[in-house]
Amino acid sequence: MTPAIVDFSKWLEDDDELSIQDQVEVMARIACRKDGPRVHGFVGFDPLRQALYDHNRGSVPDGDPMALVRRAIEVNHIALGKTDKVSGGFIGVKLYPPMGFRATDNKHLPDASFNEPAYLRSPDTGLGSLIGSKLDAALAKLYSWCSANNVPIMAHTSHSFGPNTEYEDRADPIFWAGVLRQDAFPRLRVNLAHFGHFNNAVQHARPQDHVDKCWEWTVGKILTNSAEAYADISSLGEILKTGPSRKIVDCMKAFKEHFHDSDERLLYGTDWSMIAQEERFPKLFSSRPFPDVMIFFLRAVGYSDLQIEGIMFRNAVRFLGLGQAERDRFGEKSTRGRLEKFYAAHKLSSEWMSVFD
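Source: prediction; values computed, not measured. Starting from 1, residues in each chain are numbered consecutively following that chain's sequence as written. Local features in this predicted model are restricted to residues of pLDDT 70 or higher, and side-chain atom pairs are both shown and tallied only at a pLDDT of 80 or more, whereas totals for entire chains, interfaces and linings draw on every residue. Excluding hydrogens and water, the side-chain values take into account all heavy atoms of the structure.

Chemist: In this structure, what is going on with unusual backbone geometry? I would like to understand it.
Modeler: Peptide bonds are trans in most cases, and residues, glycine excluded, mostly fall at negative phi. Cis geometry marks the peptide bond from E116 to P117, where omega comes out at -5°. Only runs of H or I of at least four residues qualify as helices and only runs of E of at least two qualify as strands under DSSP, and these elements are numbered from the N terminus. Of note, P117 is situated in the loop between β4 (92-95) and α5 (131-149). Of note, the phi angle at D105 is positive, near 70°, even though the residue is not glycine. D105 gets classed as partly exposed once you look at its relative accessible area, which sits at 31%. Phi at F198 is positive, roughly 50°, even though this residue is not glycine. Topologically, F198 is positioned in the loop between β6 (190-193) and α8 (215-225). Residue exposure (1.4 Å probe, protein chains only): buried if accessible area is under 20% of the type maximum, exposed if over 50%, otherwise partly exposed. For F198, a relative accessible area of 0% gives the class buried.

Chemist: Would you explain the packing of helix α9 (residues 242-258) against helix α11 (residues 290-301) in this entry?
Modeler: Packed helix pairs are specified by the crossing angle of their axes together with the interaxial distance, meaning the distance between the axes. Viewed as axis vectors pointing N to C, α9 and α11 meet at an angle of 55°, and their least axial separation amounts to 8 Å. Judged by the inter-axis angle, α9 sits oblique to α11. Note on packing geometry: the crossing formed by α9 with α11 is right-handed. The segment α9 lies against α11, with I248, V249, M252, K253 and K256 engaging F297, A300 and V301. Taken together, the residues of the contact of α9 with α11 sort by class into six nonpolar, no polar and two charged. For helices, the axis comes from a line fit to the C-alpha atoms of the stretch in contact; other axes are also lines fit to C-alpha atoms, and the angle between any two N-to-C directions lies between 0 and 180 degrees. In this scheme, roughly parallel covers angles under 35 degrees and roughly antiparallel covers those over 145, while 65 to 115 is roughly perpendicular and the rest are oblique. Left-handed describes a crossing whose near helix is turned anticlockwise from the far helix through less than a right angle; right-handed describes the clockwise counterpart. Contacts are residue-level and defined by heavy atoms, with any inter-residue pair within 4.5 Å sufficient. Note on residue categories: nonpolar means Ala, Val, Leu, Ile, Met, Phe, Trp, Tyr, Cys or Pro, charged means Asp, Glu, Lys or Arg, and polar means any other residue, Gly included.

Chemist: Is there a simple way to think about the nonpolar core in this case?
Modeler: Taken as a class, soluble globular proteins show a tendency for nonpolar side chains to be buried jointly. Buried Ala, Val, Leu, Ile, Met, Phe, Trp, Tyr and Cys residues that are joined via side-chain atoms within 4.5 Å together make up what is termed a nonpolar core. Judged by nonpolar contacts, the single largest core of 83 residues is most densely connected at V93, L95, L142, Y143, I153, W176 and F297. With eight residues, α5 is the single largest residue contributor to this core. Leave out the neighbours within four places in its chain, and L142 touches F45, M66, V69, V93, L95 and I153. Listed in part, the 13 residues of the second largest apolar core include F42, M154, L339 and F356.

Chemist: I tried to follow helix α2 (residues 20-31) on my own but got confused; where do I start?
Modeler: The end-to-end C-alpha distance of α2 is 16 Å, a good match for the 16 Å that 12 residues give at a rise of 1.5 Å each. Looking at α2, one finds that the buried residues are I20, V24, M27, A28 and A31. Buried positions in α2, seen along its axis, are confined to an arc of 105° and lie on one side of it. Structurally, α2 contributes buried residues whose contacts are with β1 (42-44), α3 (47-55), α4 (65-73) and α14 (335-345). The span you would expect from a helix comes to 1.5 Å times its residue count less one. An arc is given here, and it is the one of the directions from the helix axis to the C-beta atoms.

Chemist: In this structure, what is going on with the pairing of β4? I would like to understand it.
Modeler: Remark: a regular strand shows side chains that alternate across the two faces of the sheet. A two-sided burial pattern is seen for β4, the buried positions comprising G92 and K94 on one face and V93 and L95 on the other. A pair of strands is labelled paired if DSSP reports no fewer than 2 bridges between them. Pairing between β1 and β4: three bridges, direction parallel. Across the sheet, residue G44 finds its bridge partner in β4, namely K94. Classification remark: right-handed applies to a crossover when, strands pointing away from the viewer, the course from the first strand over the helix to the second runs clockwise. Between the parallel pair β4 and strand β5 (residues 153-156), the chain is carried across by α5, and the sense of this crossover is right-handed.

Chemist: Which parts of the structure should I look at to understand the sheet that holds β4?
Modeler: Picture the strands of a sheet paired through backbone hydrogen bonds; they go either parallel or antiparallel. A sheet is described by the order of its strands in space; here six strands give the open sequence β1-β4-β5-β6-β7-β8, paired in parallel fashion. Each edge of the sheet is formed by a strand with only one pairing partner; in this case those strands are β1 and β8 (266-268). Averaged over all adjacent pairs, the angle separating strand axes in this sheet is 30°, with direction ignored. Pairing of β5 with β6, which is carried by four bridges, proceeds in the parallel orientation. Residue pairing for β6: A155 is matched across the bridge by L192.

Chemist: How should I be thinking about the pattern of salt bridges in this particular structure?
Modeler: Any two side chains of opposite charge can pair, on the condition that their charged atoms come close. Note on definitions: salt bridges are taken to be side-chain nitrogens of Lys or Arg within 4 Å of carboxyl oxygens of Asp or Glu. Enumeration according to the criterion identifies 16 salt bridges in this entry. One salt bridge connects R189 with E228, and the closest N-O pair in it is separated by 3.3 Å. Of the two residues, R189 is situated in the loop between α7 (174-180) and β6 and E228 in the loop between α8 and β7 (229-233); the sequence distance between them amounts to 39 residues. Take R189: its relative accessible area is 6%, and that puts it in the buried class. Between R299 and D305 there is a salt bridge, and its shortest N-O distance comes to 3.1 Å.

Chemist: In this structure, what is going on with α5? I would like to understand it.
Modeler: Count 3.6 residues to each turn of an α-helix, and residues three or four apart come out pointing the same way. When the terminal C-alpha atoms of α5 are compared, their 28 Å separation across 19 residues agrees well with the 27 Å that a helix rising 1.5 Å per residue should span. Positive phi shows up at N150, right after α5, with a value of about 55°.

Chemist: So what exactly am I meant to see when it comes to the packing of aromatic side chains here?
Modeler: Think of it this way: a Phe, Tyr or Trp ring, Trp meaning its six-membered ring, pairs with another when their centres are within 6.5 Å, and the plane angle makes it stacked under 30 degrees, edge-to-face over 60, tilted otherwise. Summed over all chains, the structure comprises 18 aromatic pairs. Each ring, one from F8 and one from Y96, has its centre 5.4 Å from the other, and the planes form 75°; the classification is edge-to-face. Linking F8 in the segment before α1 (9-12) with Y96 in the loop between β4 and α5, this pair joins segments that are 88 residues apart in sequence. The interplanar angle of 5° and the centroid separation of 6.4 Å between the aromatic rings of F42 and F319 together place this pair among those described as stacked. A residue pair is termed long-range when its members are at least 10 positions apart, and F42 in strand β1 and F319 in helix α12 (residues 305-320) qualify at 277 residues. When the ring centre of F114 is taken as origin, the NZ or CZ atom of R170, which lies over that ring, is 4.8 Å away. In this scheme, the term charge over a ring applies when either NZ of a lysine or CZ of an arginine sits within 6 Å of the ring centre and within 35 degrees of the ring normal.

This is the structure in structure tokens:
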């Protein structure tokens, strides 16, 4: 399981809950349990938090966000008095653009367009001027490190759950096309999360005739043009409902017909904490659990059993970097290598990962 920590406290002016540092600590302890499912999460990164840290030359109580990302993912022994602590346990980074930033090209947004939160344009408590450029610089730090170390990024690319519509527009996957074209990040691997809603098509009587106006169509072009791009079908509550599911099937059929290799880049996902609230979500120990619902949906679209195996399992192995081939190529600068080192440091077996080979 790969749960994601989301960091949007700075955008919502809400720092009263458990800190990201504490959440990382808790999830790292879960990652090294001896029993139960394997849990290796995605650590949240907010470019606003990083930009505030850089703008104030490090004089903020939260510390350097990039340092926290590295501590969550890199496996090192950290001395703590007479004992030591092992860092690591996470496998990727979670970004949440609908809070108010684009994946790239924020520099072209005027400062006036950053109207929430109010402190953002303050030179004392916020970023003052050139806000977009400062956000771009913060994101470039993350992308450079992730590219150099084969660390996957999961990014929210659905027009949803932002503080306002304009900010939600900034989650548009088209901005990821701009990131993946840059020579500075040659091995950047990105999952464009929450694929499959086809919001701009399902409102029509024949939604399949309008799929090319959807963000999913943009995602399809990105998957075609970049070897390191993926998209997860997560939080797709529509497939639990008879009417909406038919429209989504029609849209997906049109998408599959146009993007012939989509089965090699789509990922099964749940966004469980959200979709489990759906009225028709299968109950625990149901005779037809949610993965079976997803498989039924993918068969209705027309994917073969072999293609479905890729979507449900093999593609995620590649995206996450869990295979032996990536271990052989990049050594400890691979997810597989880092996890093997993490398990060895905790005197635990990593034999379970042979399933990925």
